[in-house]
Amino acid sequence: MRISILMPNLLLPNGESPVIGGLERYAWQLISLMRELGYEVDVHQFAGTDWHRQISGIDVYGYGMASWSETAALEAMHQNTGAVLYLSIMQAPLRYKPRSVIVSHGVWWDDPASSGDYVQRSLEVCRQALTEAGHVVSCDYSFLNVVRSFYPALADRVTVIPNFVDLAQFYPSHAQGNPLRVLYPRRLERCRGADMFVQMARTLVQRGYDHLNFEMAVDRNHPDRNEALVEVTRDLEAVLAVRTYPFEAMGDVYRSAQIVVFPSLCSEGTSLACLEAMACGCAVVATDVGGLTNIIINGYNGILVPPRLHELTRAVEYLVCHPHDRALLGERAQATARAFDVQAWKRRWSEVILTVYGSV
Amino acid sequence: MTGGRVAILTTNHFHPAGDRVIYGGAEKYGVELSRLLLSLGFEVSWWQIGDGWQKEILPGVIVRTLPAAEAPFHTIPQLNQAFHERAVDHDYFIYFVTFLAYPQAMEASISISHGVYWDYPGFDATLNTEADRAEWRRRLGIALSGPIRVVSVDTATINWVAATFPGLVSRFEYIPNFVDVAAVDATEPAGKAPGRIRVVYPRRLTTVRGINEMVRAAEVLSGRYPEVEFHFIGRGHQDEVEKDMMAWVSRHPGTYYYWLPPEDVLRVLKSADIAVIPSKAAEGTSLACLEAMAAGCAVIASWVGGLGNLIIDGYNGLIIKPTVHDLLASLERLIRDEELRVFLGRNARETAKAFDLPVWEQRWRKVIQSVFV
Amino acid sequence: MPTAFMSCGGIKMHPRLIAMMTVGNERNRYLGEVLEHLRGFVDGIVAIDDGSTDGTAHVLAHCPRMLDVVRNPEPVMPLNEGLVRTQLWTLAATVKPAWLVAVDADEMFEDAVATELPWLISHGDFEVISFRIFDFWQNRTHYRVDGAWNPWPRFSPVAVRYHEGRDYHFPALEIHCGRVPLEYRRSPFVYYADIRLKHFGWANPADHLWKYSFYREKDIKIYGAPTPHTESIMAPAVSVRLEPWVPDRRLPFQCSGKEETLL
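Just so we're clear, the structure is a prediction, and the values are computed from it rather than from any experiment.

Calculation rules
- Sequence order as written defines the numbering, with residues in each chain counted from 1.
- For naming, the first written chain is A and the first written ligand is 1, with later ones following in the order written.
- A pLDDT threshold of at least 70 governs which residues receive local features in this predicted model, and a stricter bar of 80 or more applies before side-chain atom pairs are shown or counted, although totals over entire chains, interfaces and linings include all residues.
- Per the convention used, a helix needs a DSSP run of H or I reaching at least four residues, while a strand needs a run of E reaching at least two, with both numbered from the N terminus.
- Only the C-alpha atoms count toward the radius of gyration. The rule for a globule is 2.2 Å times the residue count to the power 0.38.
- The exposure scheme places C-beta atoms from the backbone and then counts, for each residue, the other C-beta atoms within 10 Å of its own, assigning buried at 20 or more, exposed at 12 or fewer, and partly exposed in between.
- Any two residues are considered in contact once their C-beta atoms, placed from the backbone, lie within 7 Å.
- Two strands are said to pair when DSSP picks up at least two bridges between them.
- When the strands point away from the viewer and the connection leading from the first strand across the helix to the second strand turns clockwise, the crossover is called right-handed.
- Note that the domain bounds reflect an automated or database-derived domain assignment.
- Amino acid classes used here: Ala, Val, Leu, Ile, Met, Phe, Trp, Tyr, Cys and Pro are nonpolar; Asp, Glu, Lys and Arg are charged; the rest, including Gly, are polar.
- Each residue carries a pLDDT score, the predictor's own confidence in it, on a scale running from 0 to 100.
- All axes here are fitted lines through C-alpha atoms, helices being fitted over the stretch that makes contact, and every angle between N-to-C directions spans 0 to 180 degrees.
- In these notes the angle categories are as follows: under 35 degrees is roughly parallel, over 145 is roughly antiparallel, 65 to 115 is roughly perpendicular, and the rest is oblique.
- The sense of a crossing depends on the near helix, which, turned anticlockwise from the far helix by less than a right angle, makes the crossing left-handed and, turned clockwise, makes it right-handed.
- To form a nonpolar core, buried Ala, Val, Leu, Ile, Met, Phe, Trp, Tyr and Cys residues must be joined through C-beta atoms within 7 Å.

Describing the overall build of chain A
Line of reasoning, step 1. Helices and strands together make up the secondary structure of chain A, namely eleven helices and 14 strands.
Line of reasoning, step 2. Over its C-alpha trace chain A gives a radius of gyration of 21 Å, about what one expects of a compact globule, namely 21 Å for 360 residues.
Line of reasoning, step 3. With respect to the three principal axes, the spread of C-alpha positions in chain A is 60 × 45 × 40 Å.
Line of reasoning, step 4. By residue count, 46% of the 360 residues in chain A fall in the buried class.
Line of reasoning, step 5. If you take every contact in chain A between residues at least 6 apart in sequence, the share linking residues at least 24 apart comes to 67%.

As for the pairing of strand β5 (residues 66-72) of chain C
Residues and elements named next belong to chain C.
Line of reasoning, step 1. Strand direction decides the pairing type here: strand β4 (residues 44-50) and β5, joined by six bridges, are parallel. Residue pairing for β5: Asp 50 is matched across the bridge by Asn 72.
Line of reasoning, step 2. Crossover handedness for the path β4 to helix α2 (residues 56-61) to β5: right-handed.

What about the domain arrangement of chain A?
All names here are of chain A.
Line of reasoning, step 1. Split by domain assignment, chain A resolves into domain 1 (2-164 + 342-357) and domain 2 (180-340).
Line of reasoning, step 2. Listed as interface residues are 19 residues of domain 1 and, on the opposing side, 18 residues of domain 2.
Line of reasoning, step 3. Contributing elements (two or more residues each) for the side of domain 1 that touches domain 2: α1 (22-36) and α4 (141-150).
Line of reasoning, step 4. A class-by-class count of the residues in the side of domain 1 that touches domain 2 yields nine nonpolar, six polar and four charged.

As for the confidence of the model for chain B
All names here are of chain B.
Line of reasoning, step 1. Considering every residue of chain B, the mean pLDDT works out to 93; 97% of them sit at 70 or more.
Line of reasoning, step 2. Within the model, pLDDT remains below 50 along residues 17-21, and this stretch shows 14 contacts once partners closer than five positions in the same chain are excluded.
Line of reasoning, step 3. Listed scores for the predicted complex are pTM 0.93 and ipTM 0.94.

Concerning unusual backbone geometry
Line of reasoning, step 1. Cis geometry is adopted by the peptide bond preceding Pro103(B), which originates at Tyr102(B) and carries an omega value of 0°.
Line of reasoning, step 2. In this structure, Pro103(B) sits in the loop between β5 (92-95) and β6 (109-113).
Line of reasoning, step 3. A positive phi is found at Ala282(B), a non-glycine position, where the angle reads about 55°.
Line of reasoning, step 4. Topologically, Ala282(B) is positioned in the loop between β12 (274-277) and α10 (287-294).
Line of reasoning, step 5. Classification of Ala282(B) as partly exposed rests on a count of 18 C-beta atoms within 10 Å.
Line of reasoning, step 6. Phi is positive for Gln138(C), close to 70°, though the residue is something other than glycine.

Describing the packing of α4(A) against helix α5 (residues 155-164) of chain B
Line of reasoning, step 1. Contact geometry for α4(A) and α5(B): axes closest at 9 Å, N-to-C directions at 65°. With respect to their mutual orientation, α4(A) and α5(B) come out roughly perpendicular. Of the two elements, α4(A) crosses α5(B), and the hand of that crossing is right-handed. Facing α4(A), whose interface residues are Ser142(A), Asn145(A), Val146(A) and Ser149(A), α5(B) presents Thr155(B), Ala156(B), Asn159(B), Trp160(B) and Ala163(B).
Line of reasoning, step 2. Looking at the contact of α4(A) with α5(B), its residues break down into four nonpolar, five polar and no charged.

With respect to the nonpolar core
Line of reasoning, step 1. Grouped together as the largest cluster of nonpolar side chains are 234 residues, with contacts concentrated most on Cys282(A), Val284(A), Val285(A), Cys297(B) and Val299(B).
Line of reasoning, step 2. Setting aside residues up to four positions removed in sequence, Cys282(A) forms contacts with Tyr254(A), Ala257(A), Gln258(A), Ile259(A), Val260(A), Ala277(A), Gly330(A) and Ala333(A).
Line of reasoning, step 3. Judged by nonpolar contacts, the second largest core, of 56 residues, contains Ala105(C), Val113(C), Ile129(C) and Tyr191(C).

Things to note about the pairing of β12(B)
Residue and element names in this part refer to chain B.
Line of reasoning, step 1. Both faces of β12 are covered, namely the face carrying Ile 274 and Val 276 and the face carrying Ala 275 and Ile 277.
Line of reasoning, step 2. By the bridge criterion, two bridges tie strand β9 (residues 197-201) to β12 in an arrangement that is parallel. The residue bridging Val 199 from the neighbouring strand is Ile 274, located in β12.
Line of reasoning, step 3. Here four bridges tie β12 to strand β13 (residues 298-302), and the two strands are oriented parallel to one another. What sits directly across from Ile 277, in β13, is Ala 301.
Line of reasoning, step 4. Assessed by its sense of winding, the connection that carries the chain from β12 through α10 to β13 is right-handed.

Some details on the sheet that holds strand β6 (residues 100-104) of chain A
Strand pairing in a sheet is mediated by backbone hydrogen bonds. Such pairs are either parallel or antiparallel.
Residue and element names in this part refer to chain A.
Line of reasoning, step 1. Pairing in this open sheet of eight strands is mixed, and the strands run β3-β4-β2-β1-β5-β6-β7-β8 from one edge to the other. Edge positions in the open sheet fall to β3 (51-55) and β8 (158-160), since each of these has one partner strand only. Geometrically, the sheet is characterised by an average inter-axis angle of 25° between neighbouring strands, direction not taken into account.
Line of reasoning, step 2. Its contacts with the sheet place α1 against β1 (2-7), β2 (40-46) and β4 (58-63), and it is angled at close to 175° to β1.
Line of reasoning, step 3. Strand contacts of helix α11 (residues 342-357): β1, β5 (83-86), β6, β7 (134-138) and β8, with the helix running at about 170° to β7, the strand carrying the most contacts.

What to know about the interface of chain B and chain A
Line of reasoning, step 1. In this assembly, 34 residues from chain B lie in contact with 33 residues from chain A.
Line of reasoning, step 2. Where the side of chain B that touches chain A is concerned, the elements lending two or more residues are α3 (121-126), α5, β8 (172-174) and α11 (307-310) of chain B.
Line of reasoning, step 3. The element that contributes the greatest number of residues to the side of chain B that touches chain A is α5(B), accounting for eight residues.
Line of reasoning, step 4. A per-class count over the side of chain B that touches chain A returns 20 nonpolar, ten polar and four charged.

Considering the environment of Ile220(C)
All names here are of chain C.
Line of reasoning, step 1. You can see Ile 220 is positioned in helix α6 (residues 208-223).
Line of reasoning, step 2. Assessed through the 13 C-beta atoms surrounding it within 10 Å, Ile 220 is described here as partly exposed.
Line of reasoning, step 3. Excluding residues that lie within four positions of it along the chain, Ile 220 makes contacts with Ala 225 and Pro 226.

Thoughts on the environment of Asn294(A)
Line of reasoning, step 1. By the element assignment, Asn294(A) lies in the loop between β13 (283-287) and β14 (303-305).
Line of reasoning, step 2. Along the primary structure Asn294(A) and Met278(A) are separated by 16 residues, whereas in three dimensions their C-alpha atoms are 13 Å apart.
Line of reasoning, step 3. Apart from residues no more than four positions distant in its own chain, Asn294(A) is found in contact with Asp140(A), Tyr141(A), Ser142(A), Pro162(A), Thr270(A) and Gly308(B).

Some points on the arrangement of the chains
Line of reasoning, step 1. By contact count, the leading pair among the two pairs of chains in contact is chains A and B.
Line of reasoning, step 2. Considering only C-alpha positions, the minimal separation of the non-contacting chain A and chain C is 32 Å.

Observations concerning the packing of helix α8 (residues 272-279) of chain A against helix α10 (residues 323-337) of chain A
Residues and elements named next belong to chain A.
Line of reasoning, step 1. In contact at an axis separation of 7 Å, α8 and α10 are set at 120° when each is read in the N-to-C sense. Between α8 and α10, the interaxial angle falls into the category oblique. Facing α8, whose interface residues are Leu 275, Met 278 and Ala 279, α10 presents Ala 333, Gln 334, Thr 336 and Ala 337.
Line of reasoning, step 2. Residue classes in the contact of α8 with α10 are distributed as five nonpolar, two polar and no charged.

Some details on the sheet that holds strand β11 (residues 240-244) of chain A
Residue and element names in this part refer to chain A.
Line of reasoning, step 1. Spatially, β11-β10-β9-β12-β13-β14 is the arrangement adopted by the six strands of the open sheet, whose pairing is parallel. Of all strands in the sheet, those bounded by a partner on one side alone are β11 and β14. Averaged over all pairs of adjacent strands, the angle between strand axes in this sheet comes to 20°, irrespective of strand direction.
Line of reasoning, step 2. Note: strand β9 (residues 180-184) against strand β10 (residues 212-218), five bridges, orientation parallel. Within β10, the residue paired with Leu 183 across the bridge is Glu 215.
Line of reasoning, step 3. Packed on one face of the sheet, helix α6 (residues 223-232) meets β10 and β11 and runs near 170° to β11.
Line of reasoning, step 4. Most of the contacts of helix α9 (residues 309-321) go to β13, to which it runs at about 170°, and overall it touches β9, β10, β12 (259-262), β13 and β14.

Here it is, written out as structure tokens:
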């Protein structure tokens, strides 16, 4: 039996190279699980032109019409496929195929700058997804709770499967870094709070913490943004580095840091990067946004702060000054991360897939 | 801290006729908050709906009453108005429930959210039309915008606000509920015969708390596992429910029904192996869940509201969808797997320390000192 | 006065919990059983013997926990209940107990009371403990639930914390004064107990007619006509609704470590 995965972008719109990001990693993990279960899998995505690629033995189809109408592209995907799985809730208007699964990666419209109309539209998009597809897998409880608060009767259609971490790749090291490294391991999106991280670093430097080393491990999807970031952090260049890494190197990147910061403003699920940093035994400071609050218990396995610069700075400063607590939080983060082992994630997903799509 | 007078507005800390203390998590919260304010040098008074009586709930802490008859759209503007007229001689203000700050809020004020309470299907029927629901949301939005800080016991509420009134979250402060770890540690466990596994449901017998699912699960499992005891500890909202529950346990071996003063529930929790918090809606960072954790129980909690702030599935408890199916599966898993039970219980005890009363006090102190200046 | 103090390990102290009751010709009813039941959990008992002529005094005198009995030469209760209630309260107050439980000579709690009540009063922050009262009807297996007989919706204050030096009052009524002073009935510090109080005053059908006559007469005198509740005593069997008594299943949680009674 074949399941087609419908998603915005597994490859870049030109089909040339893979997109780097959590959604794409989620897709690959799911693809490999489905194949283990014996399903055939292909991927249909938005694109600039029509194309067909094979990557790691998977057929990937780009739909060029997405450049002028995502709805039309989705319609075409529906015509070319049987059983489908939507890798995210689609923003474009569409009719979901019945008896399909949609993956929710968390609330996306909680940006403080969102207009009331946008909020209403997003809620309607959720309502429609829940009503039509029948099964929504959410990566956090936060999305589910928001859905229940608006549509109590639809909440039972949601199954929560928290995100995963591969413990074989992400494990702790016992080396104590000197200077102390504070890491930002996220994409350069406004909602991820990169500017707050820079501001925090600047404040700590001004306060005279000269043994600190800041690193921003960012994505390569928008080279222009990376250049701009280097430009605005010129004053910090002695202590703050902007780098990009292949995913395979991220384990070492986390292990080289003692404090890892997730300063998201909004649009957050159970972040893969956060789980990976935890699995590497780092002390985590995260904002109390979305699904981050389902993996961090403030003061137990990390620090949760409101998405405000002052509080974020205070928390990082606290960890800088308290090596014992830093180590303790890191240890517990590592212990809790085990509950998110990718094997457990696969077991839960297998149940959903077998229930919805039937056995091969 | 220089002190000053703090007026706290609540709905019905005491029964409006003044004849009955309503025990529960929110009331415990109120007492600890009063104690904290007193320790910081403030004078504290409580204001609530009532017909003119006064009660002293702690030395020097008086509950006064205000008239209010109607609660349109889940707000009580009459109470809010009366409070604003009568409590003007105070310096600082706390709205103990968020909607009480509608339509107006005093300048130096804080409000408290105890969790989302509108996420059950029946809520829809309390506001019949889309226009009514919009009006309720509008009022709630106004109530949330007034106070300088809104303290929320869970992040589910903050996430809801972020997804509803995106700009408003900036005034929120997440302070999860507390458990007095020292008190739990000092509590003597109730007796238990050797070889038995004790499962406790320490909540009210109401639909939103998942009583129906729990009763069904106990019905199935009590036949299957004679060594397991199911304890239902809590009152019903209707007398009939208590009567039916007494009759039900008399028909099912291994099941027990009773209730106890809150501090005594702890004794049973300390003797228990498994605690079940299968809420279907209207849940914050449940005190019962925290107490069960501190008591070292393996907790089975639903993924509703703030419970996902306390439990990490498979680490310090199990998180389930509050259905009979999931409840049966998770209970059976824990009944059979002692090692897992012990692992979860031990981690629950450890995590509970992150919610210890002194930690809560410290977090609250920070908010109080930033607003009451 | 010496009876007011209990000996406890050589130290004289005020009793923690005493029972108080008025009795009138109870010897052949439930008195012996009730005293035996009370002995299981109270530190002492005080009683007003309201003009008994049937040997009740003898039963009281031989009850080991009896602290004090005041005897009225003639029955006062049928004429002025308020007076006797006040008399009993005054008697109990001389003992200065921490807590009082006010029961009638035909009432018994569920067995759990023996462990629960001493525990509750020793550390609760309430001053009244209220109970549901079940009127057993015609037998000791069923209780009555129609109309005002229904025990489920109502809790009655039965156990109260005694505060020395406070003023207490009973209403000046001939009947239905309530078993504890008025002051307790507006207390916000109430604990609603799940233990049930069993009332056997109607368990013997032979008692119905004389009790009915007594209340009917009182009703006519006070209200001008019998109340519907009084009339319901003689209601035809078809309109009497009964429920079978279901034994409690609770955790005897105070018996730490040596609990054998669970199944």
